[in-house]
Amino acid sequence: MIIVTGATGQLGGLIVERLLERMPADQIGVSVRDPDKAGHLRARGVRVRRGDFGYPAALARAFEGATQVLIVSGPADPAPHRAAIEAARAAGAGRIIYTSHMGANRHSLFAATRAHAETERDLQASGVPFTSLRDGFHATSAIGILRPALQTGELILPEDGPVSWTAHADLAEAAAIALTEDGRLDGITPALTGPEALDFAGIAEIAAELTGRRITRVTVSDDAWKDHLIAQGTPEQFASFALEIFTASRRGEFAAVDPALKQLLGREPTHFRDVLAATLPR
Ligand SMILES: NC(=O)c1ccc[n+]([C@@H]2O[C@H](COP(=O)([O-])OP(=O)(O)OC[C@H]3O[C@@H](n4cnc5c(N)ncnc54)[C@H](OP(=O)(O)O)[C@@H]3O)[C@@H](O)[C@H]2O)c1
C-alpha cells in the first residue's frame, strides 16, 4: 500500500488523483490531520487515517502496512519531517518519497530550502531507500504575491531574480511516476522545474496581457517592504521568511530551468502564463 500524507492539501490531493488513475484505490492510503476533510477519498475506496507529524503514535497507525510513504512537506522545519521519516521506517516502508525544493542547500538564503536540505540529510541517514523530489518553486506562490496588484495595478516588491515557477499539476504527476514506475526517480532528483524562469517584472507583463489592465512593477527596499507587511498585520517572523524569497531569488537560487521534469512527463511542463490564466476569473 502507498501512503500519501498531506492529501487534504493542494499537492497531496493532486498526487492521490494521479495515483487513482494508475492503481486500484484499495492500494492507496492517506494520512491526514483531519479525516473529515478526506471523505471524498474514502468514498472512492482510499484508506483514510488520521496522521499528524507531531503525534508519532497516530502516525504509526496511519502508515501501517506501507510499502512506500510519500511525505508531503509541511512547515519549513526539519523536526516534523524527521518524525515522519522515522515513522515510515518503523512501519517497514521499503521507500520514502519526500517533496523537497529546488536549490535545497544548507547555505541557502531562504529558510525553507535550508530546512529541506536538513531533511535530505535525515533521509540519507534513515537507511531506507528514498526519493527526494526537488520540486520547482510553486507557481501558486508567485500568484499569491501578484494577487493584490491585480486590484491596485502596482506590483510593489523588493528586487527579485528569475524563478522557474512550476505547476502543482506537473509536480503531482512527477510524484505519481516516482511512486509507480520503478527506477525512474531515485535519491535526490534534479530540480523539477517549469519551462522558463521569470522575474516579477515578467510576471507583471503577463498579468497585464491576460487581464488587459496596466500593472506596473515597482521596486522598494527590503526594509520598506518588510515594514509594510508588518504594518498590515503580518507577523515579523513571516515577513522575514517572505523577504528571503527575494534575497535568495536575486542571488539566482531558483533560476535554473532543468530538462528533468520535461523528460519525466514526456511533454513540456506547464508555462506560468497558463497557470495564471486558469486562476483568473472568466
Ligand atoms: N516548492 C514550493 O515552491 C513550495 C511553495 C510553498 C510551499 N511548499 C511546500 O510544499 C508543501 C505542499 O504544498 P501545497 O501547496 O500542497 O501546500 P498545502 O496545500 O498547504 O498542503 C500542505 C499539507 O501539509 C499538511 N501538513 C501540515 N502540517 C502537517 C503536520 N504537522 N502533519 C501532517 N501533515 C501536515 C497539511 O495538512 P492540512 O490539510 O490538514 O492542513 C496539508 O495537507 C507545503 O506544505 C510546503 O512545505 C513548497
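For the structure, check the block above.
Notes on the structure in this doc start here. Please read these numbers as outputs of a predicted model, since none were measured by experiment.

## Details of the overall build of the protein chain
Item 1. Of the regular secondary structure elements, the protein chain holds 12 helices and 9 strands.
Item 2. For the protein chain, the C-alpha radius of gyration of 19 Å lies close to 19 Å, the compact-globule estimate for 282 residues.
Item 3. A buried classification covers 50% of the 282 residues belonging to the protein chain.
Item 4. Restricting to contacts in the protein chain with at least 6 residues of sequence separation, those with at least 24 account for 74%.

## Details of the side chain of Ser100
Item 1. Considering the arrangement of structural elements, one finds Ser100 in strand β5 (residues 95–101).
Item 2. A distance of 2.9 Å separates the side chain of Ser100 from the side chain of Glu120, its partner in a polar contact.
Item 3. What Ser100 contacts, discounting residues up to four positions off in sequence, is His116, Glu120, Ser132, Leu133, Arg134 and Asp135.

## Examining the side chain of Thr5
Item 1. Checked against the element boundaries, Thr5 lands in strand β1 (residues 2–5).
Item 2. Judged by relative accessible area, Thr5 falls into the buried class, the value being 1%.
Item 3. Of the polar contacts made by the side chain of Thr5, one reaches the backbone nitrogen of Val72; its length is 2.9 Å.
Item 4. Excluding anything up to four places from it in sequence, Thr5 contacts Gly12, Ser31, Phe53, Phe63, Leu70, Ile71 and Val72.

## Regarding the pairing of strand β4 (residues 68–71)
Item 1. The alternating pattern of β4 places Gln68 and Leu70 on one face and Val69 and Ile71 on the opposite face, and all of these are buried.
Item 2. Pairing between β1 and β4: 3 bridges, direction parallel. When the sheet's bridge partners are listed, Val4 is paired in β4 with Leu70.
Item 3. Bridge count for β4 against β5 is 4 bridges, and the pairing is parallel. Bridge assignment links Val69 to a residue of β5, and that residue is Ile96.
Item 4. Tracing the backbone out of β4, into helix α4 (residues 78–90) and back to the parallel element β5 gives a crossover that is right-handed.

## Structural notes on the site of the ligand
Item 1. Around the ligand, the surrounding shell holds 19 residues, and the nearest of these are Thr8, Ser73, Gly74, His138 and His168.
Item 2. The separation between a nitrogen atom of the ligand and a polar main-chain atom of Gly136 is 3.2 Å.
Item 3. The side chain of His168 places a nitrogen or oxygen atom 2.7 Å from an oxygen atom of the ligand.
Item 4. Notes on the ligand: free accessible area 890 Å², of which the protein chains cover 77%.
Item 5. The residue makeup of the shell around the ligand, split by class, is 5 nonpolar, 12 polar and 2 charged.

## Details of the nonpolar core
Item 1. Formed by 37 residues in total, the largest nonpolar core has its most connected members in Trp165 and Phe272.
Item 2. Secondary structure elements with two or more residues in this core: α6 (139–152), β7 (154–157), α8 (200–211), α9 (222–231), α10 (236–250) and α12 (272–279).
Item 3. Residues contacting Trp165, with those up to four places away along its chain left out, are Phe137, His138, Ala139, Ser141, Ala142, Gly194, Glu196, Leu198, Phe200, Ile203 and Phe272.

Rules and cut-offs
- Residues numbered from 1 in each chain as written.
- Predicted model: local features only at pLDDT ≥ 70, side-chain atom pairs only at ≥ 80, totals over all residues.
- Heavy atoms only, no water.
- Helix = DSSP H or I, 4+ residues; strand = E, 2+ residues; numbered from the N terminus.
- Rg over C-alpha atoms; globule rule 2.2 N^0.38 Å.
- Buried < 20%, exposed > 50% of the residue type's maximum accessible area, 1.4 Å probe, protein only.
- Contact = heavy atoms within 4.5 Å.
- Polar contact = N/O pair within 3.5 Å; in protein donor to acceptor, adjacent residues only side chain to side chain.
- Pairing = 2+ DSSP bridges.
- Right-handed = clockwise from strand over helix to strand, strands pointing away.
- Near = heavy atom within 4 Å.
- Areas by Shrake-Rupley, 256 points an atom, 1.4 Å probe, with all protein chains shown as cover.
- Nonpolar A, V, L, I, M, F, W, Y, C, P; charged D, E, K, R; others polar.
- Core = buried A, V, L, I, M, F, W, Y, C linked by side-chain atoms within 4.5 Å.

Read these as layout, nothing more, since geometry by itself doesn't imply function.
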